[in-house]
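# Chain and residue survey
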Amino acid sequence: MSAGAHSSPSVGPEEYQPVFTEQMLEQLQEILARYPTKQAALLPALWLVQRARGWISDRHMAEVAEVLGLTPAYVKGVVTFYTMYHQHPVGRHFVQVCTTSPCNICGAEAVVQALLTATGAKELGATSPDGKWTVIEVECLGACGFATPVLVDDDFIESVTPEKVPEIVRKYK
Amino acid sequence: MGYPHKPHPKETVLLSRYFGEADARTYKGWVKRGGYAALEQARAMEPARVIDIVKESGLRGRGGAGFPTGLKWSFMPKEKKKPHYLCVNADESEPGTFKDREIMRWTPHALLEGTAIAAHAIQADVAYIYIRGEFTEPLAIMEKALTDARSAGVFGDLKIHLHRGAGAYICGEETALMNSIEGKRGNPRIKPPFPAAAGVFGMPTTINNVETLAAVPPILTKGAAWYKSLSLSSPKSTGTKLFSVCGHVQQPGNYEVTLGFPLKDLVYELCGGMRPGRTLKACIPGGSSVPILDRAETESCLLDYEGVVERGSMLGSGGVIVFDDSADMVYQIMRLARFYAHESCAQCTQCREGTAWTTKILERILAGQGKPADLDLLLDLAENMTGKTICVLSDSCAAPVVSGIKKFRSEFEEYIAGRRQPVLVA
């Protein structure tokens, strides 16, 4: 699903705050020790950036490229391959709803509608006006027997029905 | 057991025995249940002997392809000249499949023990467990289990690392998985070279599925002959298998049965059958990448590698998707095609274009704008998507389309003839 409704990033290059400061570089060193090449630390390094900043900007990609001895273009090529790296700022809570066949026949599309309404995000990929919520449809979350699974940030919630949605949304307010 | 339901008497619980028991997740709890004894046993043996035992057991890969595990291990160089690697495929993303998730959530040490045994057998120095990015809970549980077992010193010199994916179905393909570990886009590689010759970081590598490795410790403690005796039909299909059942059944969940178990009993007895007033229409027996079975085929199908092939499909990953008579097969097949279009890595033309056009044509049919020639066009496309690409993602998109048109042709024709209310696809 497209994420077209985001405003452009407001942080200019002159205000850039590096992600890999001393403490983060220590974490990166631990990661690097697991692999025979520096490049192999790319996916974990991108996760570190996303956890710290909420999304991965072109400037972040350039920083990752620098610390791992890669080119920014290469890093961008990898970031754009994987769907879980945010290339735009997203709401404070990021909601992923599975709508692939097994969940689809169990009513996943109604769960999506309920989430769009309850969060005020209204549109898939858009962020609610209060900046709290972004809801997207995703392909198979690997919990088909627990239809419909919903991932709110890192919380994996099983067997969500439209009726349960308002309570879930309330919990994260 | 039929997690999250009570075990059914017809199940044979080997891998799922401790599902639901939080204590089994802990290192102490696992040791109390006899855990890590198999690893000790394996370590006392020559690697070749471990491979022989697994060969004798008849264990076959549980990720989808069903390749004999011991034979796969034996492809690794006997004389070690370079570092050897083991990659554990925990990128479970095949629609309909959710068994590895349960193994990691409830018995993380079963996977770690199997991993360490396999690493010993193939003389690997390092093992990477590649867990899909969305599996936040299994990842946290595996991290804890790994830290605890590591500090207890059970792995010796072996290094086991977790590697988190970032959202890409294709990384469950073994060569794409290796690229992803290397920090690359998850594009599958052309084979040969096969991983045992040049795998991750160009070194000899074996890739095994979570369920396959979790089955290894009991094979060592109870013996190959015992494991081999677990077989209800074909002697080429041995042991137990977890079947993830989802869709229109009363009790979806994971069920563990001996291979050769009737699919009919799984659906109607273990899973409680259809909802009241509904009848079974179709079933995908091995994850979304395998051909769809109709009702008669489902009810006469035996769940082992040979039995499912006899009915025209494949055992695959054991992800059983059940559709009752309320399901719109055209819509659901479109959803599956859309899944593959979304997940195509776009390297091969047949896949990149084929999955996208298949989806568009199916959407057009659903919207009431299909043409009579569209069905032949879909079949023609499918033929050009089968056996012609680097990996089988393209073939996997074609499988439900071809079998769907063959078995539910009238549903497609009703949309094309304007006898069904058009569905506007979002």
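Residues numbered from 1 in each chain as written. Chains lettered and ligands numbered in written order. Predicted model: local features only at pLDDT ≥ 70, side-chain atom pairs only at ≥ 80, totals over all residues.

### Some words on the overall build of chain B
Spelled out, the test is: Labels follow the DSSP assignment, with helices taken as runs of H or I lasting at least four residues and strands as runs of E lasting at least two, numbered in each case from the N terminus. For the radius of gyration, the atoms used are the C-alpha atoms, and the globule rule reads 2.2 Å times the number of residues raised to 0.38. Buried residues are those with 20 or more other C-beta atoms within 10 Å of their own C-beta, exposed residues have 12 or fewer, and partly exposed residues lie in between; C-beta atoms are placed from the backbone. For the purpose of contact definition, each residue receives a C-beta atom placed from its backbone, and two residues are in contact when these atoms lie within 7 Å.
Looking only at helices and strands, one finds 18 helices and 11 strands in chain B. Computed over the C-alpha atoms, the radius of gyration of chain B is 22 Å, within 12% of the 22 Å expected from 2.2 N^0.38 for a compact globule of 426 residues. On the principal axes, the C-alpha backbone points of chain B span a range of 70 × 45 × 35 Å. Every one of the 426 residues in chain B was classed for burial, and the buried ones make up 59%. Contacts spanning at least 24 positions in sequence make up 71% of the contacts within chain B whose residues lie at least 6 apart.

### Considerations on the pairing of strand β4 (residues 205-209) of chain B
Along β4(B), 5 of the 5 residues are buried, which leaves the element largely enclosed by surrounding structure. The alternating pattern of β4(B) places T205(B), I207(B) and N209(B) on one face and T206(B) and N208(B) on the opposite face, and all of these are buried.

### A closer look at unusual backbone geometry
Working note: non-glycine residues mostly have negative phi, and peptide bonds are mostly trans. The omega torsion across K191(B) and P192(B) is -5°, close enough to zero to call that bond cis. In this structure, P192(B) sits in the loop between α8 (174-181) and β4. With omega at 5°, the peptide bond leading from P192(B) into P193(B) counts as cis. For P193(B), the position within the fold is in the loop between α8 and β4. Phi at D153(A) is positive, roughly 50°, even though this residue is not glycine. With respect to the helices, strands and loops of the structure, D153(A) is situated in the loop between β3 (150-152) and β4 (155-157). Positioned with a positive phi, A346(B) is a non-glycine residue whose angle comes to about 75°.

### Considerations on the confidence of the model for chain B
The following threshold applies: For every residue, the predictor assigns a confidence score, pLDDT, that lies between 0 and 100.
Looking at chain B as a whole, the pLDDT averages 97, with 99% of positions reaching at least 70. Of the two predicted TM-score estimates for the complex, the pTM is 0.96 and the ipTM is 0.95.

### Focus: the domain arrangement of chain A
Heads up, the rule is: What fixes the domain bounds is an automatic or database domain assignment.
Here the domain parsing of chain A yields domain 1 (18-79) and domain 2 (93-171). Summarising the inter-unit geometry, the C-alpha centres of domain 1 of chain A and domain 2 of chain A are found 29 Å apart.

### Overview of the nonpolar core
Inclusion rule: What we call a nonpolar core is a set of buried Ala, Val, Leu, Ile, Met, Phe, Trp, Tyr and Cys residues whose membership is set by joining through C-beta atoms within 7 Å.
Ranked by size, the top nonpolar core spans 189 residues in total, and within it V97(A), C87(B), V88(B), I117(B), Y130(B), L266(B) and L303(B) carry the most contacts. In terms of residue count, the dominant contributor to this core is helix α18 (residues 393-416) of chain B (10 residues). Ignoring anything within four residues of it in the chain, the contact list for L266(B) reads F243(B), V245(B), Y255(B), V257(B), F261(B), C271(B), L303(B) and V320(B).

### Observations regarding the sheet that holds strand β8 (residues 280-284) of chain B
Residue and element names in this part refer to chain B. Applicable threshold: Think of it this way: DSSP has to see at least two bridges between two strands before they count as a pair. Axes here mean lines fitted to C-alpha atoms, for a helix over just the part in contact, with angles spanning 0 to 180 degrees between N-to-C directions.
The 5 strands lie next to each other as β6-β5-β11-β8-β9, forming an open sheet whose pairing is mixed. Looking along the sheet, the strands with just one partner apiece sit at the ends: β6 (253-258) and β9 (293-294). Sheet analysis places β8 next to β9, joined by 2 bridges and oriented antiparallel. Looking at the pairing, C283 lines up with L293 of β9. Contacts between helix α12 (residues 263-270) and the sheet are confined to β5 (240-247), β6, β8 and β11 (319-324), with β6 contributing the most and set at about 135° to the helix.

### A look at helix α3 (residues 47-57) of chain B
All names here are of chain B. Heads up, the condition is: It is the directions from the helix axis to the C-beta atoms that the arc portrays.
Taken together, the buried positions of α3 are V50, I51, I53, V54 and S57. Along the axis of α3, the buried residues cluster in a sector spanning 160°; they form a single face. Looking at the residues trailing α3, positive phi occurs at G58, about 80°.

### Notes on the confidence of the model for chain A
In this model, chain A carries an average pLDDT of 93, and 92% of its residues clear a pLDDT of 70 or more. Segment residues 1-5 of chain A is flagged for pLDDT under 50; beyond a separation of four residues in sequence, or across chains, it makes 12 contacts in the model.

### Some words on the interface of chain B and chain A
Keep this limit in mind: Under the scheme applied here, ten amino acids are nonpolar (Ala, Val, Leu, Ile, Met, Phe, Trp, Tyr, Cys and Pro), four are charged (Asp, Glu, Lys and Arg), and all others, including Gly, are polar.
On the chain A side, the residues contacting the 46 residues of chain B number 33 residues. The set of elements that each furnish at least two residues to the side of chain B that touches chain A consists of α7 (136-151), β3 (159-164), α8, β5, β6, β11 and α15 (329-343) of chain B. Examining the composition of the side of chain B that touches chain A, we find that 6 residues originate from one element, α15(B), more than from any other. A class-by-class count of the residues in the side of chain B that touches chain A yields 16 nonpolar, 19 polar and 11 charged.

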